[in-house]
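# A structural walkthrough
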Amino acid sequence: MSNIHDMKYLKDKVDELKATGLYKEIATLDGPNEAECLVNGKKVINLSSNNYLGFSNHPRLKKAAIAAIEEFGAGAGAVRPIIGNMKIHDELEELLAEFKREEAVLVFQSGFNCNAGTIQAVTDEGDLILSDELNHASIIDGARLSKAKKARYKHSDMEDLERILKEDRDKYNNVLIITDGVFSMDGDIAKLPEIVEIAEKYNCMTYVDDAHSSGVLGQSGRGTIDHFDLHGRVDFTIGTLSKAIGVVGGYVAGKKASIEWLKNRGRPFLFSTALPPAAIGAIIEAIKMLMESEEYTDKLWDNARYFKEKMSTLGFNTGESETPITPIIIGEEAKAIEFSKKLFEAGVFVSPIVFPTVPKGTGRVRCMVTAGHTKEQLDRAVEIFETVGKEMNIL
Ligand SMILES: *Cc1c(COP(=O)(O)O)cnc(C)c1O
């Protein structure tokens, strides 16, 4: 009999992943996350980060992080309520509330934690959580932790959303409609004006996860609520501090009462240590930079349009994206993976995204253009795409 501690049952599962081509080898960055960087020791153009604004290695953020360490130390020392809470945590929340034009904000250790903590705390037995079928994994997990009933509506399908409400709204106390603001695999924007209208018609609450729109959409990256001018009409707005903001963390913005409740019942807030001073210092600097100037978001959009246009002119299928997320849809899973490998050999790092993350037969590589790329780097990337695309009969 085999020893249970040899983890054979896990080895078997890993072997199965490898046999079906679904095992993911993780590459390693040999330095900071930059537009051009060393990956597994090879210099490549990086089209695979969420570092939309090039903030993750920005001198101003690094300087602010070091200053925060000097003043507050390397770690917060405790969970916030039993006083890992420092002056800079409060300062960041006030700044974010001003930035988002909301009453109050609560910061969590990550966007994932924020969804895991918030959804379960603001819903209860007798409620319904109504979620877009393509919502992020952290929303799905957050909903699983709630005692409320769950239902999914078809992706951005307003008729389906309304059908469910027409049939079932009366059976529940509160209904919380949850959507990603921007969907990460296709780059399409949620139909927020319609969702808000339907929510108001059926007396439902709304919850928008702006992870891929914070720092990207709206004035200076204030997010989808600002983009659609829906201030005051969305109950919970989630943002991440880990993507465009360049550091780590997540937050929920909304009414003062919501934030006060979450300070008492948001489990990751209560039971997991506060973000370290270095992270908070750098984030405060990043938000200030966005409030000072639109140059970063303008550069991001300029680069995104430039790259997307060149790629679709070449004949690549760039899907339905409305944001800097630029999928290059290939189709067959193995071919998308092969495409990514060949691109890496030729000098571009770009992640393959295949089933089950996206529907079968829509395998792709997902290009993330950032403000940090130069036009010269983007031109070189396009050239490499063209060469490899022709070589593989994709073009
Ligand atoms: C990335 C992402 C998160 C997680 O954010 P982290 O700060 O990286 O934990 C949550 N929601 C959505 C929609 C995301 O894309």
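Rules used in this analysis
- Residues numbered from 1 in each chain as written.
- Predicted model: local features only at pLDDT ≥ 70, side-chain atom pairs only at ≥ 80, totals over all residues.
- Heavy atoms only, no water.
- Helix = DSSP H or I, 4+ residues; strand = E, 2+ residues; numbered from the N terminus.
- Rg over C-alpha atoms; globule rule 2.2 N^0.38 Å.
- Buried < 20%, exposed > 50% of the residue type's maximum accessible area, 1.4 Å probe, protein only.
- Contact = heavy atoms within 4.5 Å.
- 1 Å grid on protein atoms, 1.4 Å probe; cavity = no way out; pocket = protein on both sides within 12 Å on 5 of 7 lines; lining within 4 Å.
- Points joined across faces, edges and corners; volume = space filled by probe spheres on them.
- Patch = residues over 30% accessible without salt bridge, like charges linked within 9 Å, V, L, I, M, F, W, Y side chains within 5 Å.
- Areas by Shrake-Rupley, 256 points an atom, 1.4 Å probe, with all protein chains shown as cover.
- Salt bridge = Lys/Arg side-chain N within 4 Å of Asp/Glu carboxyl O.

Turning our attention to the overall build of the protein chain. Looking only at helices and strands, the protein chain has 14 helices and 13 strands in total. The C-alpha radius of gyration computed for the protein chain amounts to 22 Å, which stays within 12% of the reference 21 Å derived for 395 residues, consistent with globular compactness. With respect to the principal axes defined by its C-alpha atoms, the protein chain has extents near 60 × 60 × 55 Å. Counting the 395 residues in the protein chain, one finds 52% classified as buried. Sequence-distant contacts in the protein chain: of pairs separated by 6 or more residues, those separated by 24 or more amount to 70%.

Tracing the chain through its elements places Ala116 in helix H4 (residues 111-122). A residue is classified by how much of its surface remains accessible, and Ala116, at 12% relative accessible area, is buried. Distance from Ala116 to Ile139, taken between C-alpha atoms, is 6.9 Å for residues 23 residues apart in sequence.

Our next topic: the layout of surface pockets. As a volume, the largest pocket reaches approximately 1,200 Å³. Lining the largest pocket are 38 residues; nearest its centre among them are Lys24, Glu25, Phe349, Ser351 and Pro352. Counting only elements with at least two residues in the lining of the largest pocket, the list comes to helix H13 (333-346), strand E12 (351-353) and strand E13 (363-368). In terms of residue count, H13 provides more of the lining of the largest pocket than any other element does, 5 residues in total.

A cluster of nonpolar side chains, namely Met7, Tyr9 and Leu10, defines an oily patch on the protein surface of about 290 Å² accessible area. Here Met7 lies in the segment before helix H1 (8-19). The class for Met7 is partly exposed, based on a relative accessible area of 36%.

Honestly, that's just the spatial picture; any functional story needs more than this.
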